[in-house]
Amino acid sequence: MRLYTYAGSPNGYKVELLLALLGRAYERVEVPIFDGASRTPEFLQKNPAGRIPVLELDDSTFLPESNAILWHLARGSAYMPRSLADQDRALAWLMFEQSEIEPVIGSARFWILTGRDRTRRDETERRVAWGKQSLAVLAGVLSARKFLVGDQPSVADLAVYAYTHVAPEIALALPEPVAAWCARIAGLPGYVGRVFEYDAKARSET
Ligand SMILES: N[C@@H](CCC(=O)N[C@@H](CS)C(=O)NCC(=O)O)C(=O)O
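Residue numbering note: each chain is counted from 1, following its sequence as written. Under the rules for a predicted model, residues below a pLDDT of 70 receive no local features and side-chain atom pairs below 80 are neither given nor counted, while totals for whole chains, interfaces and linings still include all residues. Excluded from the side-chain calculation are hydrogens and water; included are all heavy atoms of the structure.

K.L.:
Honestly, the overall build of the protein in this entry has me stumped. Any pointers?
P.N.:
The secondary structure content of the protein amounts to 7 helices and 4 strands. Starting at the N terminus and walking to the C terminus, you meet the elements of the protein as β-α-β-α-β-β-α-α-α-α-α. Only C-alpha atoms enter the radius of gyration, while the globule expectation follows 2.2 Å times N to the 0.38, with N the number of residues. Its C-alpha radius of gyration of 17 Å places the protein within 12% of the 17 Å reference for a compact globule of 206 residues. In terms of overall dimensions, the protein has C-alpha extents of about 45 × 45 × 25 Å along its principal axes. A fraction of 69% describes how many contacts in the protein between residues 6 or more apart in sequence connect residues 24 or more apart. All accessible-area figures derive from a Shrake-Rupley calculation using a 1.4 Å probe, and residue coverage is judged against the displayed protein chains alone. Of the accessible surface of the protein, which amounts to about 10,000 Å², a share of 53% is contributed by carbon and sulfur atoms. Taking the average place of the 24 positive charges on the side chains of the protein and the average place of its 25 negative ones, the gap between the two points comes to 2 Å. To qualify as a helix, a DSSP run of H or I must reach at least 4 residues; to qualify as a strand, a run of E must reach at least 2; elements of each kind are numbered from the N terminus. By the convention used here, residues are in contact when the closest approach between their heavy atoms is within 4.5 Å. Positive charges come from Lys and Arg, negative ones from Asp and Glu, while His and the chain ends are left out of the count. For charged residues, the charge sits on one atom: NZ in Lys, CZ in Arg, CG in Asp, CD in Glu.

K.L.:
Help me out: how do you make sense of the packing of helix α3 (residues 66-74) against helix α6 (residues 155-164) in this one?
P.N.:
The relative placement of two packed helices comes down to the angle between their axes together with the axis-to-axis distance. Each axis is a line fitted through C-alpha atoms, taken for helices only over the stretch in contact, and angles between the N-to-C directions span 0 to 180 degrees. Where α3 meets α6, the axes come as close as 10 Å, and the angle between the chain directions of the two elements is 150°. On the basis of the axis angle, α3 is roughly antiparallel to α6. Both α3 and α6 take part in a crossing whose hand is right-handed. Between α3 and α6, the contacting residues are N67, L70, W71 and A74 on the first element and V155, L158 and A159 on the second. Residue type decides the class: Asp, Glu, Lys and Arg count as charged, Ala, Val, Leu, Ile, Met, Phe, Trp, Tyr, Cys and Pro as nonpolar, and the leftover types, Gly among them, as polar. Along the lines of polarity and charge, the residues of the contact of α3 with α6 split into 6 nonpolar, 1 polar and no charged. Convention used here: angles under 35 degrees read as roughly parallel, angles over 145 as roughly antiparallel, angles from 65 to 115 as roughly perpendicular, and any remaining angle as oblique. By convention the crossing between two helices is left-handed if the near helix lies anticlockwise of the far one by an angle smaller than a right angle, and right-handed if it lies clockwise.

K.L.:
Before we go on, may I ask you to explain the site of the ligand in this structure?
P.N.:
The local shell around the ligand holds 14 residues, among which R39, I52, E65, S66 and Q98 are the closest. S38 places a polar side-chain atom, nitrogen or oxygen, 3.1 Å from an oxygen atom of the ligand. A distance of 3.2 Å separates an oxygen atom of the ligand from a polar side-chain atom of R51. Out of a free accessible area of 520 Å², the ligand has 82% covered by protein chains. Here the residues of the shell around the ligand sort into 4 nonpolar, 6 polar and 4 charged. For every domain, the bounds stem from an assignment made automatically or drawn from a database. Residue assignment places the shell around the ligand across two domains, with domain 1 (2-77 + 193-203) and domain 2 (84-186) each supplying three or more. Any residue with at least one heavy atom within 4 Å of a molecule or strand is counted as near it. In protein, a polar contact requires one atom able to donate a hydrogen and another able to accept it; more generally it is a pair of N or O atoms within 3.5 Å, and residues adjacent in sequence count only if both atoms are side-chain atoms.

K.L.:
Is there a simple way to explain α6 in this structure?
P.N.:
Residues three or four positions apart in an α-helix share a direction because the helix packs 3.6 residues into each turn. Taking burial as the measure, the 10 residues of α6 include 10 buried ones, the bulk of the element. When we look at burial in α6, the residues that qualify are V155, A156, D157, L158, A159, V160, Y161, A162, Y163 and T164. Each element contacted by the buried residues of α6 is listed here: α1 (10-22), α3, α4 (84-113), α5 (121-142) and α7 (176-186). Think of it in three bands: with a 1.4 Å probe and only protein chains considered, a residue is buried below 20% of the maximum accessible area for its type, exposed above 50%, and partly exposed in between.

K.L.:
Sorry if this is basic, but what is going on with the environment of E123 here?
P.N.:
Looking at where E123 falls in the secondary structure, it is placed in helix α5. Residue classification places E123 among the partly exposed residues on the basis of a relative accessible area of 24%. Remark: the alpha-carbon pair of E123 and F196, spanning 73 residues in sequence, is separated by 23 Å.

K.L.:
Hey, could you run me through the side chain of E56 in this one?
P.N.:
Residue placement: E56 occurs in strand β3 (residues 54-56). On the basis of relative accessibility, which here comes to 12%, the residue E56 falls in the buried class. Among the polar contacts listed, one links the side chain of E56 to the side chain of Y4, at a separation of 2.9 Å.

K.L.:
Is there a simple way to think about the pairing of strand β1 (residues 2-5) in this case?
P.N.:
Moving residue by residue along a regular strand, the side chains alternate between the two faces of the sheet. In this description, strands pair whenever DSSP reports at least two bridges between them. Where β1 and strand β2 (residues 27-30) come together, 4 bridges link them in parallel fashion. Looking at β2, one finds that R2 is bridged to E27. Of the pairings in the sheet, the one linking β1 to β3 comprises 3 bridges and is antiparallel in character. Paired with R2 across the two strands is E56, which belongs to β3.

K.L.:
In this structure, what is going on with the nonpolar core? I would like to understand it.
P.N.:
One recurring pattern in soluble globular proteins: nonpolar side chains tend to sit buried together. We call a set of buried residues a nonpolar core when its members are Ala, Val, Leu, Ile, Met, Phe, Trp, Tyr or Cys and they connect through side-chain atoms within 4.5 Å of each other. Core analysis: the largest hydrophobic core is formed by 48 residues, its most contacted members being W93, L138, L148 and W181. Elements with a contribution of two residues or more to this core: α1, α3, α4, α5, α6 and α7. Top element by residues in this core is α6. It accounts for 8 residues. Split by domain, the residues of this core number at least three in each of domain 1 (2-77 + 193-203) and domain 2 (84-186).

Worth remembering: the numbers are spatial, not functional.
See the structure below:
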């Protein structure tokens, strides 16, 4: 298994977190996305959308989209909910993450940390306010239960955790139930944290 990823990306991190929790071996290939490395003809063969993460499987096929990769890796593991009904619920959280967290908290964070907010102030403010609403949704759910689906950590928690736990970097405070849930995830055996840093090229908008 080979993972094409970028160290500054929480989308890439969510996959590496699950791989670590599962104790799975893989080859890691760093893709300098701000040098255009995810847009070369060669990389576009792996993912026509030109984005990381991409997982190269043992049969030499490529799987893009962080949450699809999580789903693939979680199959047959303790991180896949047992019942089909709970699997449906986990899938709903993966969709929630891609519509209410990643393009919301993730985009606002990227713009603010790389100075891109200066050219899109209104949109940044809109997404920060929207991110606050998404965190409130999570707080409501997590005030009543320990994990997002059932009473065990699952693929749903890992997908949602990646951009949620870094929300405080853009002054989006985590409501108490969400902070407590993040601490539960960070306490899982095999957990790996990550210090995300954008390289200098990420800060220049071309
Ligand atoms: N929905 C995709 C989003 C992936 C994504 O936005 N990747 C960014 C890094 S976080 C990327 O590769 N950007 C490089 C580019 O767009 O050229 C996923 O969850 O995997």
